[in-house]
Structures are given as structure tokens and as C-alpha cells.
Amino acid sequence: METQDKTVIDVARRKRIDRYKRIILMTVAAMIVIPAFLCVILFIKVCALQNQIDDLNDIIEQQSEYIDENSSSTETKEETTENLTEETTEEPTEEPTDDTVITATKFELEGPYGQWTIEQQQIIDSYTDKGDGHTIYLTFDDGPSVYTEEILDILDYYGVKATFFVNGRTDKNSLERYKLIAERGHTIGLHSYTHDYSDIYGSLEGFVSDLERISNLVYETTGVRSVYYRFPGGTSNEKTILPISTFITYLNENGYSYFDWNSTCGDGASKTVPMENIVTNVMKDAVRHKHCVALLHDAKSKRTTVDGLPLLIETLLNAGFQISSIDENTPLVQHRVVK
């Protein structure tokens, strides 16, 4: 009997020990899994917050450029000088004065290009003949800017044309830049007047008002009545208050053609994309499309885009691409279509 009782006690004790082990293991597992799960959730929220911050910074930058440049017409001479001094400390190159235009002749004296590093030459060579029979349209959003003349000079040097989707600015320098784009044979497209999502996408009336504003500014400045439009953020953006189809339908019914892109250099997500990355980012998609629309930016924060442009053009030409500006014969590249 005594042995039987002892056996019962041992069994009960083993059950308790096993139960304690399971509790301990479950506790340890919970201590590992729960923090890991919370870290994943926190990481996702931080990434989402960072994207919102980046978007807000882009909007603030656009508004700052718009306010600064449009207020310059009412500033005193002393205020204008002070603003240009501040801008020079921000930018690698100085803002040209109102009566100064960087000419193609000056640019050619500083050229030609072609003194590439071994890595850069390898990039050029790696795409040889991969663009035969392909056409690419280089498009620049958000201008005009302090770099517009330099971009135009680079394009002139290589004898290629591009498309500039411009915003609204009325200071003397910007008005001159609109004219230069047209005079040098490039296409001017419309990218909204304010680039303010709430104004543009808040209502159809606001969209139409903004569209008419930038259209009239370009026409009055250059004599060009542009029918090419690029939505701020593209038609795939998720920031519109009304459905994007509302605005697409208006453009379709009023003779406009809108263009998105199927290749991007990456400068929309970062202000300091290395020049080699500018090239490889465009090329990785360009070689896959018979007709490629490449997205770049003409903005004062995008210095490396300008630096990478000659390398990009030489890579494209060596690859066999035809580089053209958008016109009525350009196949539409659109993320969202409304019929």
C-alpha cells in the first residue's frame, strides 16, 4: 500500500513539474514573440510616419519655392539681395541675376563631357545596343528652378530635346526660364500652378481653376498653349480627396493629354541620389519599354540629378535610344485610364 501511495505521489509530482515546464516555456515564448511582434508593428508605423513626413516636406518645399519666388516681384532691392545671398548658401551654384542667362556657348567652353571614371564608363558600356529601336522621353517636373538653364545647356550640348512639366512662378527669372524652354525647342507641359494637393484635388472647381492658371501663365509668357499635363504625384497617387477619375475625365473631355511615367531616376524619393544611381535607375526600366517616359525633377534640391544628366544621356545614346520630347504622336503612358 505504501509503495502504491508513493507511486501516486510521484505521478502527481511529475504532472506538476510538466505543467510548470509548459508554463515556463509558454512564458518564455510569449516574452520573445510579443516584443518581436510589437517591434514589427512599430517598424511599420515608423515607416508610414516617415513617408508622411517626406510627403509633407515635399509639399512644404514646393510651397516655399512658390511663395519665395512669387513674392520677389514686390521686394525691395535690399530684400532681394538678402534672399539671393541666403539661397546661395543653400545651393551649390548661385542664382543668376535677372539679366543673366547661362548660354550654350559658355557651357560648350566648359565641355565636352566624357572624362568618366572607370565605374561610370562601365555603366555606359554595359547598356551598349540595349536600346536599339527604343524611344525615351526625358521629363522634368517641378520647374523652373535655379538649374533650368544648366539642364537646357546640357540638352543643347547633346542635341536632344526634353519635356518640362512646370509649376507656376512669376518672378522675373522664372518667366525668363519658361521662355528659354520654349525658345530652345523643348516641350512645355503643365504640372499644376501651386502643386498643393488640397487645392488641386479638393474639388473639380479647384482643379480647373489651378489648371487654367498655369495654362494661362505659360501661354502669356511663351505663346505656347500646352495640352500636356502631369498630375502632381501622378494618377496613381493616393492623396486625392475626390477620385482621380474626376480630374482625368475633365482633361479627356477638354483636349488635354496626361502623362505618367514608366521609368524614374529616383530623385522623387531622395534629394541626393548619386549620379550613377540616377543612370541605372532610369536604365533598368528604359530597356524594357519600347516607348519610355522617364521621370526626373528640375528643382533646387535636386543637384545630383543635374550632375547625372550628362552620364544618363551618353548612356542612352550609346545604348541606341532615340531621345525625344513629348508631342501629339507620343504614345500615352498612364497609370490610370478613364474611358
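Novice: I tried to follow the side chain of Asn 167 on my own but got confused; where do I start?
Specialist: Mapped onto the elements, Asn 167 comes out in the loop between strand S2 (163-166) and helix H6 (172-183). Separated by 3.1 Å, the side chain of Asn 167 and the backbone oxygen of Ser 192 make a polar contact.

Novice: I would appreciate a short explanation of the pairing of strand S7 (residues 291-297) in the present structure.
Specialist: Walk down a regular strand and you will see the side chains alternate between the two sheet faces. Across the seven residues that make up S7, a large majority, six, are buried. The pairing of strand S1 (residues 135-143) with S7 spans seven bridges and is parallel. Its bridge partner lying in S7, Ile 136 is registered against Cys 292. The sheet contact formed by strand S6 (residues 263-264) and S7 spans two bridges and is parallel. Considered in S7, the bridge of Ser 263 is made with Ala 294.

Novice: In this structure, what is going on with the confidence of the model for the protein? I would like to understand it.
Specialist: Any segment with low pLDDT has predicted coordinates that should not be analysed in fine detail. On average, residues of the protein score 83 in pLDDT, and 76% of them reach the 70 mark or higher. For residues 66-110, every residue scores under 50 in pLDDT, and the model assigns this stretch 52 contacts once sequence neighbours within four places are set aside.

Novice: What should I look at first to understand the pattern of salt bridges in this one?
Specialist: Side-chain pairs of opposite charge can arise where the charged atoms are in close proximity. Taken as a whole, this structure holds eight salt bridges when the rule is applied. A salt bridge links Arg 230 to Asp 141, with the shortest nitrogen-to-oxygen separation between them at 2.9 Å. Remark: Asp 141 occurs in strand S1 and Arg 230 occurs in the loop between strand S4 (228-229) and helix H9 (244-253); sequence separation between them is 89 residues. The burial state of Arg 230 is the same as that of Asp 141; both residues are buried. Salt-bridge contacts for Glu 150 lead to Arg 303; the nearest nitrogen and oxygen are separated by 2.9 Å. Placement of the pair is Glu 150 in helix H5 (residues 148-158) and Arg 303 in helix H11 (residues 303-319), with a sequence separation of 153 residues. Here Arg 303 falls in the buried class, since its relative accessible area comes to 14%. Salt bridges linked by common partners bring Glu 150, Arg 303 and Asp 307 together as one network.

Novice: Help me understand the packing of aromatic side chains in this model?
Specialist: Two aromatic rings are characterised by how far apart their centres lie and by the angle between their planes. Under the defined criterion, the tally for this structure stands at twelve aromatic pairs. Note on Phe 207 and Phe 247: the rings are 4.9 Å apart at their centroids and 35° apart in plane angle, and the pair reads as tilted. A residue pair is termed long-range when its members are at least 10 positions apart, and Phe 207 in helix H8 (residues 204-222) and Phe 247 in helix H9 qualify at 40 residues. Pairing Tyr 229 with Phe 231 gives two aromatic rings, centres 5.1 Å apart and planes at 85°, and the pair type is edge-to-face.

Novice: Is there a simple way to think about unusual backbone geometry in this case?
Specialist: With the exception of glycine, the majority of residues adopt a negative phi angle, and the majority of peptide bonds are in the trans configuration. Of note, the amide linkage connecting Gly 143 to Pro 144 takes the cis form, showing an omega dihedral of 0°. For Pro 144, the location among the structural elements is in the loop between S1 and H5. Within the chain, Asp 129 stands out as a residue other than glycine whose phi angle is a positive 65°. Take Asp 129: it is sitting in the loop between helix H4 (118-126) and S1. With phi around 60°, His 195 is a residue other than glycine that occupies positive phi space. Structurally, the position occupied by His 195 is in the loop between strand S3 (187-190) and helix H7 (197-201).

About the thresholds
Residues numbered from 1 in each chain as written. Predicted model: local features only at pLDDT ≥ 70, side-chain atom pairs only at ≥ 80, totals over all residues. Heavy atoms only, no water. Helix = DSSP H or I, 4+ residues; strand = E, 2+ residues; numbered from the N terminus. Polar contact = N/O pair within 3.5 Å; in protein donor to acceptor, adjacent residues only side chain to side chain. Buried < 20%, exposed > 50% of the residue type's maximum accessible area, 1.4 Å probe, protein only. Pairing = 2+ DSSP bridges. pLDDT = per-residue confidence, 0-100. Contact = heavy atoms within 4.5 Å. Salt bridge = Lys/Arg side-chain N within 4 Å of Asp/Glu carboxyl O. Phe/Tyr/Trp six-rings, centres within 6.5 Å; stacked < 30°, edge-to-face > 60°.

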